[in-house]
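Architecture at a glance
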Amino acid sequence: MRSQLAPITLAGIQQPVRLDLDAVFEELGRIVRSDFPMIEDVNTHLLRIRGKLFRPTLLLLSARAADRMGPRKVTLGACVELIHVATLVHDDSVDHSPLRRGQPTVNALFSHQIAVIMGDYLYSRAMIELVKLGDLDPLRIMSRVTNEMTVGEMRELEAYDALDFSEAAYTHLIQAKTASLISGACEVGAVDAPAEQRQMLRRYGMLLGMAFQITDDVLDYTESEQMTGKPSGLDLKEHKITLPLIAALGRMSDAERARVAALMATSEPGDDLVAEVLGIVHERGGVETARAQAHAYADQAEAALERLPASLARDALIDGLTYAVERRS
């Protein structure tokens, strides 16, 4: 990645497509609107939070980088965001998470049953809009992606043996759970571009997604609740096995591995035990190793863009890599 004189912000990356993103947000409101009061109440809550729109940003930038921007890309961006939000609503319900971006989750504010149903509603609304477009290619991509994401969720549920969960298994998990949708967003943005450009952007998105998720997992070991909107060490408390822990395990003493095993065997580990394992992971270089891996993926993603024509959109996609690995929330 190229060096920067000033920090890369998401707002800066989004500048070339700012007006398009405003249109995406308006389109989101149109698509999810319902005359059923409970659905409308949940929709109002979700739209009030207004996420970062990172995936629609990548879709729109990919469209512009491939010179394939058009009104339909706004609807496609809204559909990608709806699929993303649907997975978050389901994830929060599965994990019993009370907060998302510092705001109450749907399951906390309403109920787990409503969260499950609303996730299904958001996903189905996205599929309806994709069908309305009458173009099978975006529908094929998003159908494949959502299936991969579901498999990723199942992989995560099976990741329960911290001392025997391999880096290869972790790589498969995050590729399915996170990188597949980011890759799909970039590919859909360039879906009507020449095959070479479409495949370049698909690869860029996959590698960016890997870097993005690894960085997200690192933040759980490095940042405070005020920065991320969730308590530090939450992944450990929820027995989630991520790359910092995996990388550190091979360097731990038997006594340190025993403390990790004790944490994983405790249904609700206390703050002291979580802090102890956090410290061990730092001391054994797990965080540094994971960061290095995220940067390696980002470098590969930048290389995937080399044959795209120079443009503000391509520059923004490159800046998106720096943002993905250097962000703090």
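Only a predicted model underlies this, so the values are computations on that prediction, with no experimental measurement involved.

Notes on the environment of L99
Considering the arrangement of structural elements, one finds L99 in strand β1 (residues 99-100). Considered as a pair, L99 and L109 are ten residues apart in the sequence and their alpha carbons are 9.6 Å apart.

Side note on the packing of aromatic side chains
Per the stated rule, a full pass over the model turns up two aromatic pairs. Ring geometry for F54 against F212: centres 5.1 Å apart, planes inclined by 20°, an arrangement best described as stacked. Placement of F54 in helix α4 (residues 54-65) and of F212 in helix α10 (residues 195-222) is noted, with a sequence separation of 158 residues between them. On the basis of relative accessibility, which here comes to 3%, the residue F54 falls in the buried class. Exposure remark for F212: the relative accessible area of 12% places this residue in the buried category. Plain terms: the ring middles of F54 and Y323 are 5.6 Å apart, the flat faces sit at 50° to each other, and that makes the pair tilted. Residue F54 is found in helix α4, and its partner Y323 is found in helix α17 (residues 312-326); the two are separated by 269 residues along the sequence.

Here we look at a nonpolar patch on the surface
Together, V94, M154 and L157 line one region of the surface with nonpolar side chains, adding up to about 320 Å² of accessible area. Considering the arrangement of structural elements, one finds V94 in helix α5 (residues 71-95). Classification of V94 by relative accessible area gives exposed; the value is 52%.

As for the side chain of Q213
With respect to the element layout, Q213 can be found in helix α10. Classification of Q213 by relative accessible area gives buried; the value is 12%.

Focus on the pattern of salt bridges
Per the counting criterion, the structure on display carries 23 salt bridges. Here E129 ties to R30 by a salt bridge, and the two come within 2.8 Å at their closest N and O atoms. Linking E129 in helix α7 (residues 112-133) with R30 in helix α2 (residues 18-32), this pair joins segments that are 99 residues apart in sequence. Note on R30: relative accessible area 34%, which makes it partly exposed. Among the ionic pairs, R140 bridges to D137, the shortest N-O distance being 3.0 Å. Here R140 pairs with D137, and both are found in helix α8 (residues 136-158), just three residues apart, close to one helical turn. The network of salt bridges with shared partners includes D137, R140, R144, E148, E187, R198 and R202.

Rules of the game
- Residues numbered from 1 in each chain as written.
- Predicted model: local features only at pLDDT ≥ 70, side-chain atom pairs only at ≥ 80, totals over all residues.
- Heavy atoms only, no water.
- Helix = DSSP H or I, 4+ residues; strand = E, 2+ residues; numbered from the N terminus.
- Phe/Tyr/Trp six-rings, centres within 6.5 Å; stacked < 30°, edge-to-face > 60°.
- Buried < 20%, exposed > 50% of the residue type's maximum accessible area, 1.4 Å probe, protein only.
- Patch = residues over 30% accessible without salt bridge, like charges linked within 9 Å, V, L, I, M, F, W, Y side chains within 5 Å.
- Areas by Shrake-Rupley, 256 points an atom, 1.4 Å probe, with all protein chains shown as cover.
- Salt bridge = Lys/Arg side-chain N within 4 Å of Asp/Glu carboxyl O.

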